[in-house]
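A look at the structure
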Amino acid sequence: MKYEILIVAGEEIEQYGEIEAYLVRKGFAVQCVMFAKDAYKVLRNSPVNIVISDYYLPNVSGLKFLAKVKEIKPYVELIFLSKQAALLKAIEAMKEGAYDFYEFPVNKRLLLAVVEKAVEKQLLFFEKRELETRVRDPFNSGNIVGRSKALKNVIDIVKSVSQKNVNILITGETGTGKEMVANSIHYNSPRAGNPFIKVNCGAFNEGVLESELFGHEKGAFTGAITKRIGRFELANGGTLFLDEIGDVSPATQIKLLRVLQEKEFERVGGNETLKVDVRVIAATNKKLKDLIDNGRFREDLYYRLNVVNIEMPSLRERKDDIPVLVSHFISKINDEHGYEIIGLSKEAMQIFINYTWPGNVRELENAIESAMALAKRNFIEAKYLPSFLLVAQPGNSSFFQIPKNLSLQEMENELIRLTLVETRGNKTKAAKLLKVGLRTLQRKVNGQ
Ligand SMILES: Nc1ncnc2c1ncn2[C@@H]1O[C@H](COP(=O)(O)OP(=O)(O)O)[C@@H](O)[C@H]1O
Ligand SMILES: [Mg+2]
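About the criteria used
- Residues take numbers from 1 onward in each chain, read along the sequence in its written order.
- Labels are handed out in written order, letters beginning with A for the chains and numbers beginning with 1 for the ligands.
- For a predicted model such as this one, the threshold for reporting local features is a pLDDT of at least 70, and the threshold for listing and counting side-chain atom pairs is 80 or more; totals across whole chains, interfaces and linings nevertheless cover every residue.
- Excluding hydrogens and water, the side-chain figures rest on all heavy atoms present in the structure.
- By convention, a stacked pair of Phe, Tyr or Trp rings (six-membered ring in the case of Trp) has centres within 6.5 Å and planes under 30 degrees apart, an edge-to-face pair has planes over 60 apart, and any other such pair is tilted.
- Strands here are runs of E lasting at least two residues and helices are runs of H or I lasting at least four, both read from the DSSP assignment and numbered beginning at the N terminus.
- Type-normalised accessible area, obtained with a 1.4 Å probe on protein chains alone, sets the label of each residue: buried when under 20%, exposed when over 50%, and partly exposed for intermediate values.
- Ring-over charges, as used throughout, are those where CZ of Arg or NZ of Lys falls within 6 Å of the ring centre and within 35 degrees of the ring normal.
- Only strands joined by at least two bridges in the DSSP assignment are considered to pair.
- Salt bridge, as used here, is a side-chain nitrogen of Lys or Arg placed within 4 Å of a carboxyl oxygen of Asp or Glu.
- Note on method: axes are straight lines fitted to C-alpha atoms, helices fitted across the in-contact stretch only, with angles between N-to-C directions ranging 0 to 180 degrees.
- Each domain's extent was defined by an automatic or database domain assignment.
- Each patch is built from residues lacking any salt bridge and having more than 30% relative accessible area; the joining distance is 9 Å for like charges and 5 Å for nonpolar side chains (Val, Leu, Ile, Met, Phe, Trp, Tyr).
- Accessibility throughout is a Shrake-Rupley quantity obtained with a 1.4 Å probe, and a residue counts as covered only by protein chains that appear here.
- By the convention used here, residues are in contact when the closest approach between their heavy atoms is within 4.5 Å.
- In these notes, a set of buried Ala, Val, Leu, Ile, Met, Phe, Trp, Tyr and Cys residues joined through side-chain atoms within 4.5 Å is what counts as a nonpolar core.

1. Remarks on the packing of aromatic side chains
- Per the counting criterion, the structure on display carries 15 aromatic pairs.
- Pairing Tyr 16 with Phe 104 gives two aromatic rings, centres 5.4 Å apart and planes at 80°, and the pair type is edge-to-face. With Tyr 16 in helix 1 (residues 13–25) and Phe 104 in the loop between strand 5 (100–103) and helix 5 (108–136), the pair connects residues that are 88 residues apart, well separated along the chain.
- Exposure remark for Phe 104: the relative accessible area of 10% places this residue in the buried category.
- Pairing Tyr 302 with Tyr 303 gives two aromatic rings, centres 5.2 Å apart and planes at 75°, and the pair type is edge-to-face.
- Overall, the relative accessible area of 47% leaves Tyr 303 in the partly exposed class.
- A connected cluster of aromatic rings, assembled from ring pairs, spans Tyr 55, Tyr 56, Phe 80 and Phe 101.
- For Lys 68, the ring lying beneath its charged end belongs to Tyr 40, and the centroid distance is 5.8 Å.

2. Overview of the pairing of strand 11 (residues 279–284)
- In terms of burial, strand 11 is a largely internal element, six of the six residues being buried.
- Pairing analysis gives four bridges linking strand 6 (residues 168–171) to strand 11, with the strands arranged parallel. By the bridge assignment, Leu 169 is partnered in strand 11 with Ala 282.
- Here strand 8 (residues 239–243) pairs with strand 11 via four bridges, running parallel. Bridge pairing in strand 11 links Leu 242 to Ala 282.

3. Observations regarding the pattern of salt bridges
- With the rule as written, the count across this model stands at 24 salt bridges.
- Taking the shortest distance from any N to any O, the salt bridge between Arg 228 and Glu 212 comes out at 3.3 Å. Remark: Glu 212 occurs in helix 8 (residues 206–214) and Arg 228 occurs in the loop between helix 8 and helix 9 (231–234); sequence separation between them is 16 residues. Considered together, Arg 228 and Glu 212 belong to a single accessibility category, that of buried residues.
- Between Arg 231 and Glu 212 there is a salt bridge; the shortest N-O distance is 2.6 Å. You can see Arg 231 sitting in helix 9 and its partner Glu 212 sitting in helix 8, a full 19 residues away along the chain.
- Here Arg 231 falls in the buried class, since its relative accessible area comes to 6%.
- Glu 212 gets classed as buried once you look at its relative accessible area, which sits at 6%.

4. A closer look at the environment of Ala 150
- Here Ala 150 lies in helix 6 (residues 149–162).
- For Ala 150, a relative accessible area of 28% corresponds to the partly exposed category.
- Between the C-alpha atom of Ala 150 and that of Asp 320, which follows or precedes it by 170 residues, the distance is 9.7 Å.

5. Some thoughts on the sheet that holds strand 12 (residues 308–311)
- Spatially, the five strands line up as an open sheet ordered 7-8-11-6-12, and their pairing is parallel. Both outer strands of the open sheet, strand 7 (196–200) and strand 12, are each paired with one neighbouring strand and no more. The mean inter-strand angle of the sheet, taken between neighbouring strand axes irrespective of direction, is 20°.
- Relative to strand 8, strand 7 runs parallel, the two sharing five bridges. Its bridge partner lying in strand 8, Val 199 is registered against Leu 242.

6. Here's the deal with the domain arrangement of the protein chain
- Taken as a whole, the protein chain is organised into domain 1 (4–134), domain 2 (151–311), domain 3 (316–391) and domain 4 (408–445).
- Placing a centre on the C-alpha atoms of domain 1 and another on those of domain 4 gives a separation of 65 Å.

7. Considerations on a nonpolar patch on the surface
- Together, Leu 87, Leu 88 and Ile 91 make up an exposed nonpolar region whose accessible area comes to about 360 Å².
- The topology assignment puts Leu 88 in helix 4 (residues 87–95).

8. Structural notes on the side chain of Thr 284
- Position of Thr 284 relative to the elements: it lies in strand 11.
- For Thr 284, a relative accessible area of 1% gives the class buried.
- Look past the residues within four positions of Thr 284 in its chain and what remains in contact with it is Leu 169, Ile 170, Thr 171, Gly 172, Lys 178, Ile 245 and Gly 246.

9. A few points about the nonpolar core
- Grouped together as the largest cluster of nonpolar side chains are 34 residues, with contacts concentrated most on Phe 232, Leu 242, Ile 245, Leu 256 and Phe 297.
- Of all the elements in the fold, those that place two or more residues in this core are strand 7, helix 8, helix 9, strand 8, helix 10 (250–262), strand 11, helix 11 (288–293) and helix 12 (299–305).
- Sort the elements by how many residues they give to this core and helix 10 lands first, with four residues.
- What Phe 297 contacts, discounting residues up to four positions off in sequence, is Ile 245, Gly 246, Gln 253, Leu 288, Leu 291, Ile 292, Tyr 302 and Leu 305.
- Grouped together as the second largest cluster of nonpolar side chains are 26 residues, Val 145, Phe 329, Ala 348 and Met 349 included.

Put into structure tokens, the structure is as follows:
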């Protein structure tokens, strides 16, 4: 795997150009930007390992820049360079977590040694973290919690496909655990020791996505001031997770089809054909079949991706999982925040079970986190639940009680009656709520 270095040159673009060329020759993937704001963007969107930055950037102090870099990617090591002698500044910066600080002219071999040391430090950090997650989670599967039949079925499929080198399409509503399942498959597969690279295809526009996936050559387009290694290359030997695959444009779909079929591609603006061995796991909350019918998704690509389909059930289809998920999240959030919450009241649990969870497990997790932050005692009480949960409860004013065993006609009459009660007889308002014209409503009220 190549290590990615981000150079932030400020106004010293020439000095850094030399360093960049040198590091590329030494086998690093290097990107170079001028300004802090561009650096933040790259940090958010690419797997950067090391940042080499000028201490005196336009519009931002070195220390502020350092803090922001660490906020975006805490594990990134930052090496400052500077034209001006500034021993005190260097000491200050390193106290704040900069890895090192050098003055121009920099001895390149020395810089290389420093970069290699920083990479080593980072690898130790990753190994430690990996070890920690393994200890916490014997399957190393990102902890798929649940006891419903529907979820057990998913876990069975995950177990049986992990070992097989086939592409997988994970479908399901947002927040159902698609990414978690992709993680689990990778870490239970023979590729576990190799990279697991993720791309959110919905987060980039067409051109950017192509260079994310396939990389680009220096000068491939305006703004491509350096060569860029794409995610397919980074994932070589490992797994590439293509999230929101339904958002990929037709032109990029053709390129994806080619990598999946031929296992080869070119960087944007490049002639060299690169071979890769990548397992692809794609995910989407869209109905790809519909997109195919509308001509927005290629059927041949669909079949390449969907060798095995894992359909994630929505949370409302497996309410059995709610209690175990709740305890799982309580103990996870206790660990993260140092809380000592032991559980939740019966009433609160009932509210959780009744709710329909359109945002699925993610929404449940957020609701628990918020209730835990507001809890006044060591358990979660209904009154501290997020208001959307309370509003949605039956018996509350946003629900009508309609008797069982009514005919469709009677049900309609009852619904109209209750709506009119709600609007205190105001027919215009009632018609709006029921989304019918005023005259239609009047006709129905008059029993015509
Ligand atoms: N069965 C589960 N057990 C434990 N955590 C889960 C489960 N399903 C989802 N989660 C958690 O819910 C959140 C959303 O899951 P994610 O995989 O990002 O969903 P999706 O990719 O489908 O939107 C994540 O924090 C994930 O860890
Ligand atoms: Mg997701």
